[in-house]
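# Remarks on the overall topology
Letter by letter, the chains look like this.
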Amino acid sequence: MQRILLVVVVLLIVWRILASIGRRLSEKAPGADSFSRFSPEARRRRQQARGEARTMEELVECIACGTFVPAGRSLTDGDSRAFCSEDCRHQVRVSSKHGRD
Ligand SMILES: [Zn+2]
């Protein structure tokens, strides 16, 4: 009788361990929830993909300091010259004026 009890207890423990492993695996695996638009994980993945696409897309070099900035964030100066900031644009304007005079 004691042996049977022992076997039952061991089986219970093993079942518990297997169940917890199974739960952990199903949490990690992409379930229906991760394909939902409102799932935070899916949103993060989408943002990552979009961010990468944006940075791969267009980087322009600031002609004043050489910093690369995304084209959407850069400032331009009439022609195709790009600047990383208002400061750089001002700097180039001033120096080019001085150069001409
Ligand atoms: Zn700059």
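Preceding this paragraph is the structure being described.
Note that the structure is a prediction, hence the values are computed from the model and not measured. (Residues numbered from 1 in each chain as written. Predicted model: local features only at pLDDT ≥ 70, side-chain atom pairs only at ≥ 80, totals over all residues. Heavy atoms only, no water.)

## Remarks on the overall build of the protein
Looking only at helices and strands, one finds 3 helices and 4 strands in the protein. Across the protein, helices and strands are ordered from the amino to the carboxyl terminus as α-α-β-β-β-β-α. Counting across all 101 residues of the protein, residues that qualify as buried make up 12%. Long-range contacts, defined as pairs at least 24 residues apart, comprise 7% of the intrachain contacts of the protein with a sequence gap of at least 6. (Helix = DSSP H or I, 4+ residues; strand = E, 2+ residues; numbered from the N terminus. Buried < 20%, exposed > 50% of the residue type's maximum accessible area, 1.4 Å probe, protein only. Contact = heavy atoms within 4.5 Å.)

## Topic: the pairing of strand S4 (residues 79-83)
In this sheet, S4 lies alongside strand S3 (residues 75-77) in antiparallel orientation, the contact comprising 3 bridges. Its bridge partner lying in S4, Leu75 is registered against Phe83. Here S3 hands over to S4 after 1 residue, with Gly78 in that stretch at a positive phi of 70°. (Pairing = 2+ DSSP bridges.)

## Quick look at the coordination of the zinc ion
The zinc ion binds to the protein through Cys62 (SG), Cys65 (SG), Cys84 (SG) and Cys88 (SG), with metal-donor distances spanning 2.2 to 2.3 Å. If you look at the zinc ion, its 4 donor atoms make angles of 104 to 115° with each other, and the shape they trace is tetrahedral. Mapped onto the sequence, the donors of the zinc ion take the spacing C-x2-C-x18-C-x3-C. Residue Cys84 is classed as partly exposed on the basis of its relative accessible area of 23%. Note on Cys88: relative accessible area 8%, which makes it buried. (Donors = N, O, S within 2.8 Å, 3.2 Å for Na, K, Ca; no water. Tetrahedral: all angles 85-135°; square planar, octahedral: opposite > 155°, others 65-115°.)

## As for a nonpolar patch on the surface
On the surface, Leu6, Val9, Val10, Ile13, Val14, Ile17, Leu18, Ile21 and Leu25 cluster together into a nonpolar patch covering about 820 Å² of accessible area. For Leu6, the location among the structural elements is in helix H1 (residues 2-28). (Patch = residues over 30% accessible without salt bridge, like charges linked within 9 Å, V, L, I, M, F, W, Y side chains within 5 Å. Areas by Shrake-Rupley, 256 points an atom, 1.4 Å probe, with all protein chains shown as cover. Salt bridge = Lys/Arg side-chain N within 4 Å of Asp/Glu carboxyl O.)

## Notes on the pattern of salt bridges
In the structure shown here, the tally under the stated rule is 3 salt bridges. Residue Arg93 pairs with Asp77 through a salt bridge whose shortest N-O separation is 3.2 Å. Of this pair, Arg93 sits in helix H3 (residues 86-100) while Asp77 sits in strand S3, and the two are 16 residues apart along the sequence. Under the relative-accessibility criterion, Asp77 is labelled buried at 11%. In this structure, Glu86 and Arg89 form a salt bridge, with 2.9 Å as the shortest nitrogen-oxygen distance. Taken together, the residues Glu86 and Arg89, both in helix H3 and 3 residues apart, mark about one turn of the helix. It is possible to trace a salt-bridge network through shared partners that takes in Asp77, Arg81 and Arg93.

## Thoughts on the environment of Cys84
Among the structural elements, Cys84 can be located in the loop between S4 and H3. Taking the C-alpha atoms as reference, Cys84 lies 7.5 Å from Arg73; in sequence the two are 11 residues apart.

Shape is all these values report; function is a separate question.
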